[in-house]
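Each chain is listed here by its residues.
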Amino acid sequence: MERLDSYLKEHFEVPAKNPSEEAQRRWRSAVGLVKNRRRRFRMVPDLDRRSQDEAQRQSIQEKIRLALVVQKAAITFIDGAKHKDYRITEDIIKAGFSINPDELASITSKHDVKALKMHGGADGISKKIRSSFDHGISASDLDTRQNIYGINRYVEKPSRSFWMFVWDALQDMTLIILMVCALISAVVGLASEGWPKGMYDGLGIILSILLVVMVTAISDYRQSLQFKELDNEKKKIFIHVTRDGSRQKISIYDLAVGDIVHLSIGDQVPADGLYIHGYSLLIDESSLSGESDPVYISQDKPFILAGTKVQDGSAKMIVTAVGMRTEWGRLMSTLSEGGEDETPLQVKLNGVATIIGKIGLMFATLTFVVLMVRFLIEKGLTVGLSKWYSTDALTIVNYFATAVTIIVVAVPEGLPLAVTLSLAFAMKKLMIDKALVRHLSACETMGSAGTICTDKTGTLTTNHMVVDKIWISEVSKSVTSNNSLEDLTSAISPATLSLLLQGIFENTSAEVVNEKDGKQTVLGTPTERAIFEFGLKWEGLDAEDRTCTKVKVEPFNSIKKKMAVLVSLNNGMYRWFTKGASEIIVQMCDMMIDGDGNSVPLSEAQRKNILDTINSFASDALRTLCLAYKEVDDFDDDADSPTSGFTLISIFGIKDPLRPGVKDAVKACMSAGIIVRMVTGDNINTAKAIAKECGILSDGDVSIDGSEFRSKSPEEMREIIPKIRVMARSLPLDKHTLVTNLRGMFGEVVAVTGDGTNDAPALHEADIGLAMGIAGTEVAKESADVIVLDDNFTTIINVARWGRAVYINIQKFVQFQLTVNIVALIINFVSACITGSAPLTAVQLLWVNMIMDTLGALALATEPPNDDMMKRPPVGRGESFITKVMWRNIIGQSLYQLVVLGVLMFAGEQFLNIKGADSKSVINTLIFNSFVFCQVFNEINSREMEKINVFRGMVTNWIFIAIIAVTVVFQVVIIEFLGTFASTVPLNWQLWLLSVGLGSVSLIVGAILKCIPVTKSNEVPAGPNGYAPLPSGPDDI
């Protein structure tokens, strides 16, 4: 067992994420004896093709980079033409447009400033494509627009048809050899025994092969449809546009030329376009051109290309080219998808299949040699070796077919493919449960996660925020009702209220937009919406509060933890408003607004009172934000907002309730041996209050501020990290450092959540990156392995449940399949050595192979998770896949089956008093029937590897019930009606009862085996002195 583990670790060990090409090539070269390379490696990427694609991508990126850098040479470099005359066709004129689609696309892709000016800039372009900056396009002419300017899709490789999967299944070398044997058998049989009797053996093998091929192809085709469906879900990206005069959220595939797109930080640009207006827009063009330096977009440099990402700022752009008319579309269409990296389990099971296959090949060869030697000796002693007949040729062909069929059964081709089947099933179920798995390995790895580093806002909490308390002019008030708002209005001066509202409405990323139905709604982040809606509650708003002109905007930044805006005032002065993390803003202030609305110096006593107020709000689990302002005479376009000299206006206490079910989910994590760590940008007191409420933080656990964590030495980090449960005011780099150390120092399997652009490095570094589907940016989602569509922590636990289910289900299937392998190999080999014939024929072995391979995988690899899976510790890195418990069950069941089948083979006729000319056929049929029913009941046994009650949950698993029923029905048909093809004879009811009875004893054997104690590597004594408690109920048995 140790040798098997060491061999698998040496040759078949790959990391779950970002495996090196060397590791991938190592296991591929170690794989031997593959029956059907085309099918086995269907889901494995072609590394040579991947290298070619990468080289091609880099070549195209280099062309684009040169075109962007050397604008004058762009036309000749990319198109090889000095000048093009673009003609406006009748179709374009009839549709009401006045610019050629190719000319419009070339202006943006080639950064052609001269051509843009010639057409009147972005404004002129908008008129020529019948769009306006405020109204957008009209949905009524969308089809016409898409017919002229194209749709926003690039050419993709067509899906594989069902018959391609049939062809793949037919590539199995052993099945091809068996087909040749069947044809030879049929020809020889016709010559010796005539029509139709001579056809039976050969036709039986061919029909069996066709059945195996069709069942395999159907299973593989269904898997491909599931993956296609999931792949389509991954590509569903929605963006905000202005269309028909209202703000709408549409799919990127519905985007058309002329649409007004709203871009914000973290978005992927969905099409080529021209900048209209915005604030501090920085575009990362590395995915397109390979250049790592971001590009600042402005009126002077208005070109925005599809496939690039918004690194900072926000803007509106008008779409000028979509789909295959963009450089991104052309780049994507030239590249194949390359396949997804294989998962660690797939690789490991390829290793197991290789080892078992070699053993099977040895047994098959020995079986054929023994059968041939016995045949030649008997022939030499009876008629001599000089006389040969057609029946002798038929016998040799049948011996060879039996040996090949042993290889068919012995090489567990279905092991690595069962992982794919199980993962596809789990991914589909998780999609229903609001988790989109982007990478196969993530679903598998999540089952081993020992730590989850989670955000607070929106993941543990509902993200439905409201302003609950406010501190202003040294007055602290609860503002949950209209009466309290009126009290607040009377307590502060009109000048202070005006300043507060101006700060709310000017310094915000939220905005009021018109929906399709004419209703107005507030768009923005939950925090921004909460403050904006709080401002809207006051009526009688002065006009001047909204008429200030924004001069400069600094969007919220997760590193600075603040946002700022500069507005021009009527008196010629300028006013900075800043809003952000309370401690940071208070530190920037040296003045405050007093009760009379005057700016007064901030004394140390007042500063202490303010900090006490912040801590008081935070202790009530409220998110705290401060608003401040500073008036200036002038400003520098290139300089950031000031960091001192501000006047404090107010402190907001924002309520964000805990999500329902989070407490139970955290409790389930603790039972499962998973440590939950909260990593948040919020105030430490707010974080601690929420962490205690949901059960993350308990006595003895550590909560730490991000700045304190950053200052720790590696030795101090090694000591404190295992105790950390809350990290507050953290930067994205802190999250990355925590994840790196948990994986590197402690060997933990780490899952981490993230939603912002700056979370991408941590999501990439973690074993499982979980991006938020609602709050998450496209950059975060692209770096993640799983997208949590409802941003709910409970969904994350569900991913862990299914991850564990996948791992355990594959263990169940391996246990079941290895038992069949061992019994089929030994019984045929021993029988060949002793009796000179194999009791299980080629047709029978093909049926057994289908039971244990395709049907067995469907039955066992698709078991849904149960609660017990979350009551055991996670599987650590490097633990053996085939455990001692599995070996106990495999060896025990194999011994029982070998004893039963051996007794039937050598003493069955005598014990059962079976006499007559067909006694040998009856006993061989009984052996085959008993063997199949042993597998049917062992399949039920394999549902639980450690618990005696194997029937729990079976009734609700219709797939399992259906497969068992189909297996039994087919077995009855084979025995009773297809004897001429399967070499069986009908059995009487007593022998049927005996077959089923012998098979059902497997359940009793399984229960006895599970009472034999086995030490487990990750077992922890459950009670004092190492004694485990007695089962507390039927669920523990």
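All values reported here derive from a predicted model rather than from experimental measurement.

1. Quick notes on the overall build of the chain
Then comes step 1: Of the regular secondary structure elements, the chain holds 39 helices and 26 strands.
Then comes step 2: In terms of overall dimensions, the chain has a C-alpha envelope of 120 × 80 × 50 Å along the principal axes.
Then comes step 3: In the chain, which comprises 1037 residues, the proportion classed as buried is 55%.
Then comes step 4: For the chain, restricting intrachain contacts to residue pairs at least 6 apart in sequence, the fraction spanning at least 24 positions comes to 73%.
Then comes step 5: As displayed, the chain offers around 44,200 Å² of accessible surface, 57% of which is attributable to carbon and sulfur atoms.
Then comes step 6: Between the mean site of the 105 positive side-chain charges and the mean site of the 118 negative ones, the chain shows a separation of 5 Å.

2. So, the environment of leucine 345
Then comes step 1: With respect to the helices, strands and loops of the structure, leucine 345 is situated in helix 16 (residues 344-382).
Then comes step 2: Along the primary structure leucine 345 and phenylalanine 577 are separated by 232 residues, whereas in three dimensions their C-alpha atoms are 55 Å apart.
Then comes step 3: Discounting residues that sit within four places of it in the chain, leucine 345 has contacts with Val419, Glu444, Tyr807, Ile810 and Phe881.

3. Re the packing of helix 21 (residues 494-506) against helix 22 (residues 526-536)
Then comes step 1: Running from N to C, helix 21 and helix 22 point in directions that differ by 140°, and their axes come no closer than 9 Å. As judged from the angle between their axes, helix 21 and helix 22 are oblique. Handedness of the helix 21/helix 22 crossing: left-handed. For the pair helix 21 and helix 22, the contacting residues are Leu501, Ile504 and Phe505 in the first and Ile531, Phe532, Phe534, Gly535 and Leu536 in the second.

4. Some remarks on the packing of helix 25 (residues 604-619) against helix 27 (residues 684-694)
Then comes step 1: Between helix 25 and helix 27, whose axes approach to 7 Å, the crossing angle comes to 20°. Compared by their axis directions, helix 25 and helix 27 come out roughly parallel. Here the hand of the crossing between helix 25 and helix 27 comes out right-handed. Contacts between helix 25 and helix 27 involve Asn615, Ala618 and Ser619 on the former and, on the latter, Asn685, Thr686 and Ala689.
Then comes step 2: A breakdown of the residues in the contact of helix 25 with helix 27 according to their chemical character gives two nonpolar, four polar and no charged.

5. Concerning the pairing of strand 2 (residues 246-251)
Then comes step 1: Counting buried positions over the six residues of strand 2 gives five, a clear majority of the element.
Then comes step 2: Hairpin geometry of strand 1 (residues 238-243) and strand 2 is characterised by an intervening segment of two residues between the two adjacent antiparallel strands and by a positive phi of about 60° at aspartate 244.

6. A look at the domain arrangement of the chain
Then comes step 1: Split into domains, the chain comes out as domain 1 (1-44), domain 2 (47-77), domain 3 (90-152 + 255-336), domain 4 (345-407 + 814-1011), domain 5 (435-461 + 660-791) and domain 6 (466-655).
Then comes step 2: On the domain 4 side, the residues contacting the 16 residues of domain 1 number 19 residues.
Then comes step 3: Roughly 1,600 Å² is buried in total at the junction of domain 1 and domain 4, and carbon and sulfur atoms are behind 65% of that figure.
Then comes step 4: There are zero residue pairs in polar contact (both at pLDDT 80 or more) connecting domain 1 and domain 4.
Then comes step 5: Sorting elements by how many residues they give to the side of domain 1 that touches domain 4 places helix 1 (residues 2-11) first, with five residues.

7. Concerning the packing of aromatic side chains
Then comes step 1: Here the structure, examined in full by the defined rule, presents 14 aromatic pairs.
Then comes step 2: An angle of 70° between the planes, with centres 5.2 Å apart, marks the rings of phenylalanine 162 and tryptophan 163 as edge-to-face.
Then comes step 3: By relative accessible area, tryptophan 163 is classed as exposed at 62%.
Then comes step 4: Pairing phenylalanine 505 with phenylalanine 532 gives two aromatic rings, centres 5.2 Å apart and planes at 85°, and the pair type is edge-to-face. One end of the pair, phenylalanine 505, is in helix 21; the other, phenylalanine 532, is in helix 22, and 27 residues separate them in sequence. With respect to class, phenylalanine 505 is no different from phenylalanine 532; both count as buried.
Then comes step 5: An aromatic cluster of three or more residues is present, and its members are Phe162, Trp163, Phe165 and Tyr221.
Then comes step 6: Seen from the ring of phenylalanine 165, arginine 160 lies directly overhead, with NZ or CZ sitting 4.8 Å from the centre.

8. What to know about the environment of glutamine 58
Then comes step 1: Tracing the backbone shows glutamine 58 in helix 4 (residues 47-69).
Then comes step 2: A residue is classified by how much of its surface remains accessible, and glutamine 58, at 47% relative accessible area, is partly exposed.
Then comes step 3: With 230 residues separating them along the chain, glutamine 58 and leucine 288 place their C-alpha atoms 9.4 Å apart.

9. Some details on the pattern of salt bridges
Pairing between side chains of opposite charge can happen when the charged atoms of each approach one another.
Then comes step 1: Scanning the model with the defined rule gives 33 salt bridges in all.
Then comes step 2: One salt bridge in this structure joins aspartate 640 and lysine 560, with 3.4 Å as the shortest N-O distance. Of this pair, aspartate 640 sits in the loop between strand 19 (622-632) and strand 20 (646-655) while lysine 560 is found in the loop between strand 14 (549-557) and strand 15 (562-568), placing the two residues 80 residues apart along the sequence.
Then comes step 3: With relative accessibility at 37%, the residue lysine 560 sits in the partly exposed group.
Then comes step 4: Via salt bridges that share partners, Asp868, Lys871, Glu944, Lys947 and Arg952 belong to a single interconnected network.

10. A few points about a negative patch on the surface
Then comes step 1: Taken together, the side chains of Asp633, Asp634, Asp636, Asp637 and Asp638 define an acidic patch exposed on the protein surface.
Then comes step 2: Residue classification places aspartate 636 among the partly exposed positions, given a relative accessible area of 45%.

11. So, the confidence of the model for the chain
Then comes step 1: Scored by pLDDT, the chain comes out at a mean of 83, with 92% of its residues at no less than 70.
Then comes step 2: Segment residues 72-82 is flagged for pLDDT under 50; beyond a separation of four residues in sequence, or across chains, it makes 15 contacts in the model.
Then comes step 3: A low-confidence stretch, residues 540-545 stays under pLDDT 50, and its non-local contacts, those more than four residues away or across chains, total ten contacts.

12. Quick word on the nonpolar core
Then comes step 1: In terms of nonpolar packing, the biggest core is built from 177 residues, with Met446, Phe793 and Ile810 touching the most fellow members.
Then comes step 2: By residue number, the principal contributor to this core is helix 33 (residues 793-834), which donates 22 residues.
Then comes step 3: Leaving out residues up to four positions away in the same chain, methionine 446 has contacts with Ile452, Ala751, Ile768, Leu770, Ile796, Val799 and Ala800.
Then comes step 4: Ranked by size, the runner-up nonpolar core spans 40 residues in total, among them Ile92, Tyr149, Val257 and Ala271.

13. Overview of the sheet that holds strand 26 (residues 786-788)
Then comes step 1: An order of 8-26-25-24-9-21-23-22 is seen for the eight strands of this open sheet, with the pairing classed as mixed. In this open sheet, the two edge strands, each paired with only one partner strand, are strand 8 (435-437) and strand 22 (702-705). Geometrically, the sheet is characterised by an average inter-axis angle of 20° between neighbouring strands, direction not taken into account.
Then comes step 2: Two elements, strand 9 (residues 451-454) and strand 24 (residues 750-754), share three bridges in a ladder whose sense is parallel. Of the residues in strand 24, the one forming a bridge with cysteine 453 is valine 752.
Then comes step 3: Its contacts with the sheet put helix 30 (residues 732-744) on strand 9, strand 21 (675-679), strand 23 (724-728) and strand 24, and the angle it makes with strand 24 is roughly 170°.

14. A few points about helix 18 (residues 414-432)
Then comes step 1: An ideal rise of 1.5 Å per residue puts 27 Å on 19 residues; helix 18 measures up with 27 Å between its terminal C-alpha atoms.
Then comes step 2: Among the 19 residues that make up helix 18, 16 are buried, leaving the element largely enclosed by the rest of the structure.
Then comes step 3: Positive backbone phi, approximately 75°, marks lysine 434, located one or two places after helix 18.

15. A few points about a nonpolar patch on the surface
Then comes step 1: Taken together, the side chains of Met173, Ile176, Val180 and Ile184 define a hydrophobic patch exposed on the protein surface, amounting to about 310 Å² of accessible area.
Then comes step 2: Structurally, valine 180 can be placed in helix 12 (residues 173-193).

16. Looking at unusual backbone geometry
Then comes step 1: Phi at serine 473 is positive, roughly 55°, even though this residue is not glycine.
Then comes step 2: Structurally, serine 473 can be placed in the loop between strand 10 (466-472) and strand 11 (475-478).
Then comes step 3: In this structure serine 473 comes out as buried when scored by relative accessible area, which is 3%.
Then comes step 4: One non-glycine residue, serine 983, adopts positive backbone phi at about 60°.
Then comes step 5: Mapping serine 983 onto the fold places it in the loop between helix 38 (979-982) and helix 39 (989-1009).

17. Digging into the state of the cysteines
Then comes step 1: Within the structure shown, the criterion is met by zero disulfides.
Then comes step 2: Looking at the unpaired cysteine 1011, the closest cysteine sulfur is the one in cysteine 934, lying at 20 Å.

18. Points about the environment of leucine 998
Then comes step 1: Structurally, leucine 998 can be placed in helix 39.
Then comes step 2: Note: C-alpha distance between leucine 998 and methionine 465 (533 residues apart in sequence) is 65 Å.
Then comes step 3: Apart from the residues lying within four places of it in its own chain, the contact partners of leucine 998 are Tyr896, Val900, Leu904, Ser930 and Cys934.

19. Examining helix 2 (residues 21-30)
Then comes step 1: For helix 2, the full list of buried residues reads Ala23, Gln24, Trp27, Arg28 and Ala30. The arc that holds the buried residues of helix 2, viewed along the axis, is 165°, so those residues lie on one side. Among the exposed residues of helix 2, those oriented more than 90 degrees off its buried face are Glu22 and Ser29.

20. Considerations on the side chain of serine 246
Then comes step 1: With respect to the element layout, serine 246 can be found in strand 2.
Then comes step 2: Overall, the relative accessible area of 5% leaves serine 246 in the buried class.
Then comes step 3: For serine 246, the side chain forms a polar contact with the side chain of glutamine 248, separated by 3.4 Å.

Cut-offs applied
Residues numbered from 1 in each chain as written. Predicted model: local features only at pLDDT ≥ 70, side-chain atom pairs only at ≥ 80, totals over all residues. Heavy atoms only, no water. Helix = DSSP H or I, 4+ residues; strand = E, 2+ residues; numbered from the N terminus. Buried < 20%, exposed > 50% of the residue type's maximum accessible area, 1.4 Å probe, protein only. Contact = heavy atoms within 4.5 Å. Areas by Shrake-Rupley, 256 points an atom, 1.4 Å probe, with all protein chains shown as cover. Lys, Arg positive; Asp, Glu negative; His and termini not counted. Charge placed at Lys NZ, Arg CZ, Asp CG, Glu CD. Axes fitted to C-alpha atoms, helices over the stretch in contact; angles between N-to-C directions. Parallel < 35°, antiparallel > 145°, perpendicular 65-115°, else oblique. Left-handed = near helix turned anticlockwise from the far one by under 90°. Nonpolar A, V, L, I, M, F, W, Y, C, P; charged D, E, K, R; others polar. Pairing = 2+ DSSP bridges. Domains from an automatic or database assignment. Buried area = accessible area lost by both parts, 1.4 Å probe. Polar contact = N/O pair within 3.5 Å; in protein donor to acceptor, adjacent residues only side chain to side chain. Phe/Tyr/Trp six-rings, centres within 6.5 Å; stacked < 30°, edge-to-face > 60°. Lys NZ or Arg CZ within 6 Å of the ring centre and 35° of its normal. Salt bridge = Lys/Arg side-chain N within 4 Å of Asp/Glu carboxyl O. Patch = residues over 30% accessible without salt bridge, like charges linked within 9 Å, V, L, I, M, F, W, Y side chains within 5 Å. pLDDT = per-residue confidence, 0-100. Core = buried A, V, L, I, M, F, W, Y, C linked by side-chain atoms within 4.5 Å. Expected span 1.5 Å × (residues − 1). Disulfide = S-S within 2.5 Å. Arc of directions from axis to C-beta.

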